[in-house]
Amino acid sequence: MIHFVGAGSGAEDLITLRGAKHLAQADVVIYAGSLVNPALLKNCRPDCEIHDSASMTLEEVLAVMDRAESQGKTTVRLHTGDPSIYGAIREQMDALDARGYSYDVTPGVSSFCGAAAALKAEYTLPNVSQTVIITRAEGRTPVPEGEQLRKLASHGSTMVLFLSSSLLEKAQQELMEGGYSPDTPAAIVYKATWPDEKVFRCTVSTLAETARANQVTKTALITVGGFLGSDYDRSLLYDPGFSHGCREASR
Ligand code: SAH
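Within any chain, residue numbers begin from 1 and follow the written order of that chain's sequence. Whole-chain, interface and lining totals are the exception, using all residues; otherwise, since this is a predicted model, local features are given only for residues with pLDDT of at least 70 and side-chain atom pairs are given and counted only at 80 or more. Note that the side-chain values use all heavy atoms of the structure and ignore hydrogens as well as water.

Enquirer: Kindly report on the sheet that holds strand β3 (residues 49-52), identifying the contributing residues and their values.
Expert: Overall, parallel pairing links the five strands, which are arranged β3-β2-β4-β1-β5 in an open sheet. With partners counted over all chains shown, the strands left at the sheet margins are β3 and β5 (103-106), one partner each. Pairwise comparison of adjacent strand axes, ignoring direction, gives a mean angle of 15° for this sheet. A pair of strands is labelled paired if DSSP reports no fewer than 2 bridges between them. The way it works is that DSSP assigns letters per residue, a run of H or I at least four long becomes a helix, a run of E at least two long becomes a strand, and they are numbered from the N terminus. Relative to strand β4 (residues 75-79), strand β2 (residues 28-31) is paired through four bridges, and the arrangement is parallel. Lines fitted to the C-alpha atoms define the axes, with helices restricted to the stretch that makes contact. Angles between their N-to-C directions range from 0 to 180 degrees.

Set out below in structure tokens:
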């Protein structure tokens, strides 16, 4: 059996109870060492075989799983944040399907949720934005033509950029050409929920400069949009004049 587990965004107590249970019981753990907090491995059994996938290829990861399966062992594949976001789990799951192995997935707290907590922000504010676009700037990994930053920016929604902190010169240009005004609020969240978390607030036009000045080149999310500003409407759900399934309007 193989359990894919989301480790959460950094803080060691942000893994789910289910994820922690799988980790504590595992015979073999393969963890993404570049971003998973190694403190999580304290909960592994003393005889647990631990591999850091940072320097491994997909084939090497699968070879470890093959060996564990042939010995009837339980493997945890520990991914940073939530495995469904830039986790490269699909190619692993397809390979496991082809081999007929059983596996399941335990979700985790994605770093974009960790970043909102660091910012003490709500991504979806009434009359500001009801949409969160999760994307990345194009680097060595191509981004489909229809999802170029310039096009996504035309919506003016809340946007969260993963894997982009070293590509900000071009990204900020595209964001502004696409429709965000240069003074749209933005923030860079470095190592959200880790003990050394840092938040840098700026505007779309000063993203690259802010990253440079603070030497942020990796492990950061870029957030953009009016949700970082001060204007919004209050929710209808909690408005005294609004009736819904659980409450009658009081005025
Ligand atoms: N599956 C992960 C994302 C993996 S891609 C998740 O759900 O969060 C790796 C990228 O995620 C990094 O380059 C960075 O942009 C972002 N990231 C991961 N952990 C982060 C953290 N604690 N703080 C800020 N960004 C983080």
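Past the structure itself, the notes keep going.
Enquirer: Give a detailed account of the environment of His 51, specifying residues and quantitative values.
Expert: Its place among the elements puts His 51 in strand β3. Only protein chains enter the area calculation, which uses a 1.4 Å probe; residues under 20% of their type maximum are buried, those over 50% are exposed, and those in between are partly exposed. You can call His 51 buried: its relative accessible area is 18%. Here the alpha-carbon distance between His 51 and Ile 15, two residues 36 residues apart in the chain, equals 19 Å. In what follows, residue pairs with any heavy atoms lying within 4.5 Å of each other are defined as contacts. In contact with His 51, not counting residues within four places along its chain, are Val 28, Val 29, Ile 30, Tyr 31, Met 56, Val 64 and Arg 67. Separated by 2.7 Å, the side chains of His 51 and Glu 49 make a polar contact. Within 3.5 Å is the distance limit for a polar contact, defined as a pair of N or O atoms, with the added protein rule that one can donate a hydrogen and the other accept it, and that residues adjacent in sequence qualify only through two side-chain atoms.

Function cannot be read off these values alone, since they describe shape.
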